[in-house]
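Each chain, written out:
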Amino acid sequence: QVQLVESGGGLVHTGGSLRLSCAISGTIFRINTMGWYRQAPGKQRELVAGMPNGRTTNYADSVKGRFTISRDNANNTLYLQMNSLKPEDTAVYYCNAVARRTPYSTEADYWGQGTQVTVSS
């Protein structure tokens, strides 16, 4: 079983900062792609920031220059530093990992339970 547990969400004022963490545990052979997604009420889930191969990063245009994704491979933890937060960043943020549990298994998608981020104006 692979588990992703997010933490670090909360309520902040416009311009504030939050740091989200995603701890990954369980039987894992290799984690390939990791990323952060978000879903606001009435909207589809969207990619916020991704690490396609553990080294390169990509960001949604709306968060470029404000958010930073990073990964601690030793501890299987993914982070999202969010600065200069805006009300439109309000959403549930989800951690995602595409991983193999064994050398012989196919890749599978794993999701955390989500953490609420609310930015007040």
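Residues numbered from 1 in each chain as written. Predicted model: local features only at pLDDT ≥ 70, side-chain atom pairs only at ≥ 80, totals over all residues. Heavy atoms only, no water.

Describe the environment of G112, naming the residues involved and giving the relevant values.
Looking at the secondary structure, you find G112 in the loop between β10 (108-111) and β11 (115-120). Exposure remark for G112: the relative accessible area of 11% places this residue in the buried category. On a C-alpha basis, the gap between G112 and Y79 in space is 13 Å, while along the polypeptide they are 33 residues apart. The contact partners of G112, leaving out residues within four places of it in the chain, are L4, E6, Y94 and C95. (Helix = DSSP H or I, 4+ residues; strand = E, 2+ residues; numbered from the N terminus. Buried < 20%, exposed > 50% of the residue type's maximum accessible area, 1.4 Å probe, protein only. Contact = heavy atoms within 4.5 Å.)

Run through the pattern of salt bridges, naming residues and quoting values.
Across all of its chains, the model carries four salt bridges by this definition. With a closest N to O distance of 3.1 Å, D61 and K64 form a salt bridge. Given a relative accessible area of 65%, D61 falls into the exposed group. Through salt bridges with shared partners, a single ionic network connects R38, E46, R66 and D89. (Salt bridge = Lys/Arg side-chain N within 4 Å of Asp/Glu carboxyl O.)

Can you explain the pairing of strand β9 (residues 91-100)? Please cite residues and give values.
The element β9 is largely enclosed, with a buried count of eight among its 10 residues. Where strand β4 (residues 30-39) meets β9, nine bridges bridge the pair, whose relative direction is antiparallel. Counterpart to T33 in the pairing with β9 is V98. One ladder, built from three bridges, connects β9 with β11; its direction is antiparallel. By the bridge assignment for β11, Y93 is matched with T115. Strand direction decides the pairing type here: β9 and β10, joined by four bridges, are antiparallel. Within β10, the residue paired with A97 across the bridge is Y110. (Pairing = 2+ DSSP bridges.)

Could you give an account of the pairing of strand β8 (residues 77-82), with specific residues and numbers?
In terms of burial, β8 is largely enclosed, as five of its six residues are buried. The pairing of strand β3 (residues 18-26) with β8 spans six bridges and is classified as antiparallel. Each bridged residue has a counterpart across the sheet, and for L20 the counterpart in β8 is L80. Sheet topology places strand β7 (residues 67-72) next to β8; six bridges connect them, and they run antiparallel. Bridge pairing in β8 places I69 opposite L80. In this structure, the hairpin formed by β7 and β8 is closed by a connection of four residues, where N76 is found at a positive phi of approximately 50°.

Would you mind going over the side chain of N96 in detail, with residue names and values included?
Its location among the elements puts N96 in strand β9. With a relative accessible area of 3%, N96 lands in the buried category. Within the structure, N96 has its side chain in polar contact with the side chain of D109 (distance 3.0 Å). Among residues more than four places away in sequence, those in contact with N96 are L4, T33, M34, G35, Y37, D109, Y110 and W111. (Polar contact = N/O pair within 3.5 Å; in protein donor to acceptor, adjacent residues only side chain to side chain.)

Describe in detail the side chain of S21, supporting the description with residues and values.
With respect to the element layout, S21 can be found in strand β3. Relative accessible area serves as the criterion here: at 19%, S21 is assigned to the buried category. Apart from residues lying up to four places away in sequence, S21 is in contact with V5, E6, S7, W36, L78 and Y79.

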